[in-house]
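Listed here are the chains, written in short residue letters.
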Amino acid sequence: MRRLWKGIFVAAVVILASVSLFIFLISPKTTNNGSVVSICSELGASSVAKGNSTASASSSVANFLIVDADPGGPYEGMNGSAYHGLSSWPVMHVFKGQKVTIRIINCAPSEAHGFSITHYFVAGVAVRAEQSYTFTFIANTVGSFRIFCNIFCAIHPLMQNGLLVVS
Ligand SMILES: [Cu+2]
């Protein structure tokens, strides 16, 4: 009788493993290289967009992701700036000479959001709903530079107090 139960157990494990493998093989592979909409839908379960990040001092590059989102979600504002009152958010700390790449994705379904950095990205960009924009610069000036939305939007006051720190 014990051998019978053991056989059933082994068979169950094999069937479960096969089904899991099958589901894994047929399911679509989604990565952060996918469309903005798919990235936005994954964000709720990940910690990809932290508000404050410091680049690795030993690296020549610094990469950041900015998520714009409308009221309701954990990323409301810029990386959740709506939930941080008057404190600077997000804060990106890089080191002089690093090649900084910032990718902005706008998860808002219908509203454009802007992105600008004093000194480094004065012209700024308006990122349309469900679009992304990536730009790169060399952080060759030391200092603190404000990051803010440069176009009017419904949550404009909540997107005025980001910071780029170059040291
Ligand atoms: Cu705005």
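Residues numbered from 1 in each chain as written. Predicted model: local features only at pLDDT ≥ 70, side-chain atom pairs only at ≥ 80, totals over all residues.

## Details of the sheet that holds strand E3 (residues 77-78)
Part 1 of the argument: The four strands lie next to each other as E3-E2-E5-E8, forming an open sheet whose pairing is mixed. Pairing within the sheet leaves two strands with one partner each, and these edge strands are E3 and strand E8 (132-138).
Part 2 of the argument: Where strand E2 (residues 61-69) and E3 come together, two bridges link them in antiparallel fashion. The residue of E3 that forms the bridge with alanine 69 is glycine 77. (Pairing = 2+ DSSP bridges. Helix = DSSP H or I, 4+ residues; strand = E, 2+ residues; numbered from the N terminus.)

## Things to note about the nonpolar core
Among soluble globular proteins, nonpolar side chains are generally buried collectively.
Part 1 of the argument: Formed by 29 residues in total, the largest nonpolar core has its most connected members in Ile66, Val67, Val94, Ile104, Ile105 and Cys107.
Part 2 of the argument: For this core, the elements supplying multiple residues, two or more each, are helix H2 (36-43), E2, strand E4 (91-94), strand E5 (99-106), strand E6 (113-117) and strand E10 (162-166).
Part 3 of the argument: Here this core gets five residues from one element, more than from any other, and that element is E2.
Part 4 of the argument: Setting aside its immediate chain neighbours within four residues, isoleucine 105 contacts Val36, Ile39, Cys40, Val67 and Ser132. (Core = buried A, V, L, I, M, F, W, Y, C linked by C-beta atoms within 7 Å. Buried ≥ 20, exposed ≤ 12 C-beta atoms within 10 Å, placed from the backbone. Contact = placed C-beta atoms within 7 Å.)

## Quick look at the environment of serine 87
Part 1 of the argument: As for its position among the elements, serine 87 is in the loop between E3 and E4.
Part 2 of the argument: We classify serine 87 as exposed; it has 11 C-beta atoms within 10 Å.
Part 3 of the argument: Remark: the alpha-carbon pair of serine 87 and leucine 163, spanning 76 residues in sequence, is separated by 9.9 Å.

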